[in-house]
Amino acid sequence: MKATIQTQGKQYTVTEGDVLIVNRYPETEAGQKLEINEVLTVGEGDAFKLGAPFVSGAKVSATILENKRGRKIVVFKKKKRQGYERRRGHRQELSVIKIDSIES
């Protein structure tokens with residue numbers, strides 16, 4: 001069964017057993033269970049349901065495998081002929097989650 005979920009401001013189409021890398025869930029730890037209730041679509045074929053905006057009663061259960069940080073991004077600003085240069089780095093906080101079950 002497939003489902004399209006909305007989490008952390010982004011949408012993902014998932015099936016059971018998928019592993020996703022999403023923005024970090026605040027105040028969570030590895031091994032913790034999540035319940036995602038913002039399900040946009042669920043099912044396949046004749047059993048397909050489309051929400052407006054969410055499917056009522058549908059939920060997706062997931063487990064956090066790990067919390068980590070993404071690769072470093074360098075943000076470089078420069079104004080030519082002005083002597084202005086700024087260099088900053090950024091590492092996004094991420095959560096790796098595994099989809100356990102999809103209920104419609």
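Coordinates for the structure precede this section.
Every value quoted in this text rests on a predicted model; they were computed, and no experiment measured them.

## Quick word on the overall build of the protein chain
The helix and strand inventory of the protein chain stands at 0 helices and 10 strands. Scanning the protein chain from its N terminus toward the C terminus, one meets helices and strands in the order β-β-β-β-β-β-β-β-β-β. Here the C-alpha atoms of the protein chain give a radius of gyration of 19 Å, more than 25% beyond the 13 Å that 2.2 N^0.38 yields for 104 residues. Summarising its shape, the C-alpha atoms of the protein chain cover approximately 65 × 30 × 20 Å along the three principal directions. Carbon and sulfur atoms make up 45% of the accessible area of the protein chain, which totals about 7300 Å². Here the protein chain holds 20 positive side-chain charges and 13 negative ones, and the gap between their average locations is 18 Å.

## Topic: the nonpolar core
Among soluble globular proteins, nonpolar side chains are generally buried collectively. In this structure, Val14, Val60, Ile97 and Ile99 are the most contacted members of the largest nonpolar core, which totals 19 residues. When near neighbours in sequence (up to four residues on either side) are disregarded, Val14 contacts Met1, Lys2, Ala3, Ile5, Leu20, Ile99 and Ile102.

## Focus: the sheet that holds strand 2 (residues 10-15)
Within a sheet, adjacent strands bond to each other through the backbone by hydrogen bonds, running parallel or antiparallel. The sheet built from 4 strands is open, its strands ordered 2-1-5-6 with antiparallel pairing. The outermost strands of the open sheet, each flanked by one partner alone, are strand 2 and strand 6 (49-50). Relative to strand 5 (residues 39-42), strand 1 (residues 2-7) is paired through 3 bridges, and the arrangement is antiparallel. Bridged to Thr4 within strand 5 is Thr41.

## Focus: the environment of Lys78
On the secondary structure map, Lys78 appears in strand 8 (residues 73-79). Apart from the residues lying within four places of it in its own chain, the contact partners of Lys78 are Tyr84 and Glu85. A distance of 3.2 Å separates a polar atom in the side chain of Lys78 from a polar atom in the side chain of Glu85.

## A word on the sheet that holds strand 4 (residues 33-36)
Pairing is antiparallel across the open sheet formed by 4 strands, whose spatial order is 3-10-7-4. Looking at strand neighbours, the two that pair on one side only are strand 3 (19-23) and strand 4, the edges of this open sheet. Looking at each pair of strands side by side, their axes are set apart by 40° on average, direction ignored.

## Notes on the pairing of strand 8
Pairing of strand 8 with strand 9 (residues 84-90) involves 7 bridges; the strand directions are antiparallel. When the bridges of strand 9 are listed, Val74 appears paired with Gly89. What sits between the antiparallel neighbours strand 8 and strand 9 is a turn of 4 residues, in which Arg81 has the positive phi angle 60°.

Each value, and the rule that gives it
- Positions within a chain are numbered from 1, following the residues in the order the chain's sequence is written.
- Thresholds applied to this predicted model are a pLDDT of at least 70 for local features of residues and 80 or more for the giving and counting of side-chain atom pairs; totals over whole chains, interfaces and linings are not thresholded and use all residues.
- Note that water and hydrogens are dropped before the side-chain values are worked out from all heavy atoms of the structure.
- In this text, helices come from DSSP runs of H or I with a minimum length of four residues, and strands from runs of E with a minimum of two, each type numbered from the N-terminal end.
- The quantity called the radius of gyration is restricted to C-alpha atoms. Its globule counterpart is 2.2 Å times the number of residues to the power 0.38.
- In this description, accessible areas are obtained by the Shrake-Rupley approach with a 1.4 Å probe, and a residue is regarded as covered only by the protein chains that are shown.
- His residues and chain termini do not enter the charge count, which takes Lys and Arg as positive and Asp and Glu as negative.
- Lysine's charge is taken at NZ, arginine's at CZ, aspartate's at CG and glutamate's at CD.
- What is meant by a nonpolar core is a set of buried Ala, Val, Leu, Ile, Met, Phe, Trp, Tyr and Cys residues, joined one to another through side-chain atoms within 4.5 Å.
- To sort residues, take the accessible area from a 1.4 Å probe on protein chains only and compare it with the maximum for the residue type: under 20% means buried, over 50% means exposed, and anything in between is partly exposed.
- Residue contacts follow a heavy-atom distance rule, with two residues in contact if any of their heavy atoms lie within 4.5 Å.
- Note on pairing: DSSP must find at least two bridges between two strands before they are called paired.
- We define a polar contact as two N or O atoms separated by no more than 3.5 Å, with the added condition that, inside protein, one atom must be a possible hydrogen donor and the other a possible acceptor, whereas residues neighbouring each other in sequence contribute only through side-chain atom pairs.
- Every angle, taken between N-to-C directions, lies between 0 and 180 degrees, and every axis is a line fitted to C-alpha atoms, over only the stretch in contact when it is a helix.

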